[in-house]
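One-letter residues, chain by chain:
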Amino acid sequence: MPAEQPRGACVSKRAREASARARAAAQREAIRRQEQRKRTTMLTTVGVIVLIAGAVTWWSVRQSASEQITGPLAPIAMQPDGTIVMAKPGVTSPVVDVYEDYQCPACKQLELTSGSTLKNLAAEGKAKVVYHLLTIFKQEPTMSNSLRASSAARCVTDGAQWLAFHDRLYQEQPTETSAGYAVDDLIRWGRDAGVTAPDFETCVRGQKNVAAHQQYSTQVIATRKLAGTPTVMLNGQSLGTTAFVPSALREAVLDAAR
Amino acid sequence: MVQLASGRPVSHPLQSVVKALSWVTTVARLVLGVSLFVAGAIKIGAPAVSVQAVKAYQLLPDTMATVVGHGLPIVEIIVGILLVLGLLTRPSAVVGGVLMVAFIVGISSAWARGLRIDCGCFGGGGTVGADQDPGYIWELLRDAGYLLCAAWIIYRPPGRFAMDSALGLSGSRDPDTAGDEDDEDGSDTD
């Protein structure tokens, strides 16, 4: 019968349409599932990243946290060459040399970060800390700022007062583009640090120690081959950026003390 | 089916161009990712140094500089790893690009103000000695290059060898790169 042919074709066409619809539905479902899977994967990934970031931040903050000063400081004594030694009596090693410039921002950062660790180590009798004040700047206004401050610090003859003055100078550090460390301020900060010596004011005003400071500074930069300030040396070896990580600095010094 | 049957031979040369371009993305990801990772890895051990490097630009108040100094190495390391893996490629490249724009702004501004600073890009940082050359122009050119990498990755993520593809995180948004995923071809041909 001729009718068979078109009917058969019709059925197969309907079947084809139905199966196409089914395929389309399945495809939509597949896409929906894929989207959902994608969202889950995305959220999981972001979650894992956030967790890792949090852990790393915690570790970074912890290992770089500054110490608190725990007790009385070790005795501080001025040396004839202008360096300052902070050590318990009888402690001669390991030697921690700090080469710094009052005007240098990174030195201020070192002081803020690791200054307390150095004080604690000296107080614990674990190290002999030697401060070397330098002037690395060759341009104005930074050079004069540095020279005025360094000269004034040399006018302080008492160790404890010197350290208080030293810390104050960093607190008051001028920017590198402005004149600072004015003589009047230096005298006032000296008084705040407990300096009562009558000749302190004339010493600061007259910048009497500039020549001695400059001579020492030039000589040290040349002989120690310093790349810059601050440089912290442990038994003559530069600690590099370890000096900026209180926990690592402490560990290095304690290792050397063993 | 009809589309594909007729599309196949036509798209063949195109397909190979697309493939080549996705390799460019991979290279850009490696260049930017490895650089960011190295820059962050050098700095992360001593955040105080990186804080100092940020302060040296004299653009942010001290508290912000402290946050940025601590956070930047972590962001650099994570974004660097993500770019190398090709994971969350486009967002990572956006972050990398934003960082580069910030660096370019910071360095240009330091240059314009006559500050003499070591960018602190790869560790170090702080003031440059009087007789040293800060080399701002090279830093700017380098960062512009990295910015270009970031822009390319944003334009054509995620490239070959990307975890985004393996995890099915890429595709539907970008028809160009979806074409070289094999499951797409497989489902259409039957």
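Note that the structure is predicted; figures quoted are calculated from it, not measured.

## A closer look at the overall build of chain B
Right, so step 1: For chain B, the helix and strand inventory stands at 8 helices and 2 strands.
Right, so step 2: Secondary structure elements of chain B, listed N to C terminal, follow the sequence α-α-α-α-β-β-α-α-α-α.
Right, so step 3: Taking all contacts inside chain B whose residues are at least 6 apart in sequence as the whole, residues at least 24 apart take part in 70%.
Right, so step 4: Just so you have it, chain B exposes about 9200 Å², and 70% of that area is on carbon and sulfur atoms.

## As for the overall build of chain A
Right, so step 1: Along its length, chain A carries 8 helices and 6 strands.
Right, so step 2: Ordered by position from the N terminus, the helices and strands of chain A form the series α-β-β-β-α-β-α-α-α-α-α-β-β-α.
Right, so step 3: Per-residue burial over chain A gives 44% buried out of 258 residues.
Right, so step 4: For chain A, the exposed surface amounts to about 13700 Å²; the carbon and sulfur share of it is 57%.

## A look at the state of the cysteines
Residue and element names in this part refer to chain A.
Right, so step 1: By the definition in use, this model includes 2 disulfides over all chains.
Right, so step 2: Here Cys104 is linked by a disulfide to Cys107, with a sulfur-sulfur distance of 2.4 Å. Note on the Cys104 and Cys107 pair: the S-S dihedral is about 90 degrees, so by sign convention the disulfide is right-handed.
Right, so step 3: Between the sulfur atoms of Cys155 and its disulfide partner Cys203 the distance amounts to 2.0 Å. Around the S-S axis, the bridge from Cys155 to Cys203 shows a dihedral of about -80 degrees and counts as left-handed. Within this pair, whereas Cys155 is found in the loop between α3 (142-154) and α4 (159-171), its partner Cys203 is found in helix α6 (residues 200-205), the two being separated by 48 residues in sequence.
Right, so step 4: When the bonded cysteines of chain A are counted from the start of the sequence, the pairing works out to 1-2, 3-4.

## Points about the UniProt feature "transmembrane region" (unreviewed entry) in chain B
Right, so step 1: If you check UniProt for "transmembrane region" (unreviewed entry), the listed places come out as residues 20-42, 63-87 and 93-112 of chain B in our numbering.
Right, so step 2: Across residues 20-42 of chain B one finds 100% helix and 0% strand; the C-alpha atoms that close the span lie 33 Å apart.

## Some thoughts on the nonpolar core
Right, so step 1: Counting 51 residues, the largest nonpolar core has Val96, Tyr102, Tyr131, Trp162, Phe165 and Leu169 of chain A as its most contacted members.
Right, so step 2: It is helix α2 (residues 105-123) of chain A that provides the largest number of residues to this core, a total of 6 residues.
Right, so step 3: Setting aside residues up to four positions removed in sequence, Phe165 of chain A forms contacts with Ala149, Ala152, Ala153, Val156, Leu186, Trp189, Gly190 and Ala193 of chain A.
Right, so step 4: Judged by nonpolar contacts, the second largest core, of 13 residues, contains Leu72, Ala93, Met100 and Ile153 of chain B.

## Observations regarding the interface of chain A and chain B
Right, so step 1: Contact with chain A, which involves 28 residues of that partner, is made by 24 residues of chain B.
Right, so step 2: Contact between chain A and chain B buries roughly 2300 Å² in total, counting both sides, with carbon and sulfur atoms accounting for 63%.
Right, so step 3: Counting across the chain A and chain B interface gives 0 salt bridges.
Right, so step 4: Within the residue set of the side of chain A that touches chain B, elements represented by two or more residues are α1 (4-63) and α2 of chain A.
Right, so step 5: The element best represented in the side of chain A that touches chain B is α1 of chain A, accounting for 14 residues.
Right, so step 6: The residue makeup of the side of chain A that touches chain B, split by class, is 13 nonpolar, 11 polar and 4 charged.

## What to know about the pattern of salt bridges
Right, so step 1: Considering all chains together, one arrives at 15 salt bridges over all chains under this definition.
Right, so step 2: Between Arg168 of chain A and Glu172 of chain A there is a salt bridge whose closest N-O contact spans 2.8 Å.
Right, so step 3: The class of Arg168 of chain A is buried, set by a relative accessible area of 19%.
Right, so step 4: One salt bridge connects Lys43 of chain B with Glu76 of chain B, and the closest N-O pair in it is separated by 3.1 Å. In this pair, Lys43 of chain B sits in helix α1 (residues 2-44) while Glu76 of chain B sits in helix α3 (residues 62-85), placing the two residues 33 residues apart along the sequence.

## Let's talk about the side chain of Glu67 of chain A
Residue and element names in this part refer to chain A.
Right, so step 1: The residue Glu67 is located in the loop between α1 and β1 (76-78) in this model.
Right, so step 2: A polar contact of 2.9 Å, which involves the side chain of Glu67, links it to the side chain of Asn120.
Right, so step 3: Side chain to side chain, Glu67 and Arg250 meet in a polar contact 2.6 Å long.
Right, so step 4: Not counting chain neighbours up to four residues away, the residues in contact with Glu67 comprise Ser116, Thr117, Asn120, Pro246 and Arg250.

## Topic: the sheet that holds strand β6 (residues 237-238) of chain A
All names here are of chain A.
Right, so step 1: On the basis of which strands lie adjacent, the open sheet formed by 6 strands has the order β1-β2-β4-β3-β5-β6 and mixed pairing. Edge strands, defined here as strands with exactly one partner in the open sheet, are β1 and β6.
Right, so step 2: Set on the sheet, α2 makes contact with β2 (84-86), β3 (95-100), β4 (128-133) and β5 (231-234); between it and β3 the angle comes to about 160 degrees.

## Some words on the confidence of the model for chain A
Right, so step 1: In the predicted model, chain A carries a mean pLDDT of 90, and the fraction of residues at 70 or more is 96%.
Right, so step 2: No element of chain A has a lower mean pLDDT than α1 of chain A, at 86, and none a higher one than β2 of chain A, at 97.

## Notes on empty space enclosed by the protein
All names here are of chain A.
Right, so step 1: For the coordinates displayed, the defined rule picks out 1 cavity of 30 Å³ or more.
Right, so step 2: Estimated volume of the largest cavity: approximately 50 Å³.
Right, so step 3: If you trace the largest cavity, you find it lined by Val98, Glu100, Cys107, Leu110, Glu111, Gly115, Leu118 and Tyr131.
Right, so step 4: Secondary structure elements with two or more residues in the lining of the largest cavity: β3 and α2.
Right, so step 5: In terms of residues, the lining of the largest cavity owes the most to one element, α2, which gives 5 residues.
Right, so step 6: Its residues assigned to classes, the lining of the largest cavity shows 5 nonpolar, 1 polar and 2 charged.

Calculation rules
- Residues numbered from 1 in each chain as written.
- Chains lettered and ligands numbered in written order.
- Predicted model: local features only at pLDDT ≥ 70, side-chain atom pairs only at ≥ 80, totals over all residues.
- Heavy atoms only, no water.
- Helix = DSSP H or I, 4+ residues; strand = E, 2+ residues; numbered from the N terminus.
- Contact = heavy atoms within 4.5 Å.
- Areas by Shrake-Rupley, 256 points an atom, 1.4 Å probe, with all protein chains shown as cover.
- Buried < 20%, exposed > 50% of the residue type's maximum accessible area, 1.4 Å probe, protein only.
- Disulfide = S-S within 2.5 Å.
- UniProt positions renumbered as here; feature names shortened; annotations may be inferred.
- Core = buried A, V, L, I, M, F, W, Y, C linked by side-chain atoms within 4.5 Å.
- Buried area = accessible area lost by both parts, 1.4 Å probe.
- Salt bridge = Lys/Arg side-chain N within 4 Å of Asp/Glu carboxyl O.
- Nonpolar A, V, L, I, M, F, W, Y, C, P; charged D, E, K, R; others polar.
- Polar contact = N/O pair within 3.5 Å; in protein donor to acceptor, adjacent residues only side chain to side chain.
- Pairing = 2+ DSSP bridges.
- Axes fitted to C-alpha atoms, helices over the stretch in contact; angles between N-to-C directions.
- pLDDT = per-residue confidence, 0-100.
- 1 Å grid on protein atoms, 1.4 Å probe; cavity = no way out; pocket = protein on both sides within 12 Å on 5 of 7 lines; lining within 4 Å.
- Points joined across faces, edges and corners; volume = space filled by probe spheres on them.

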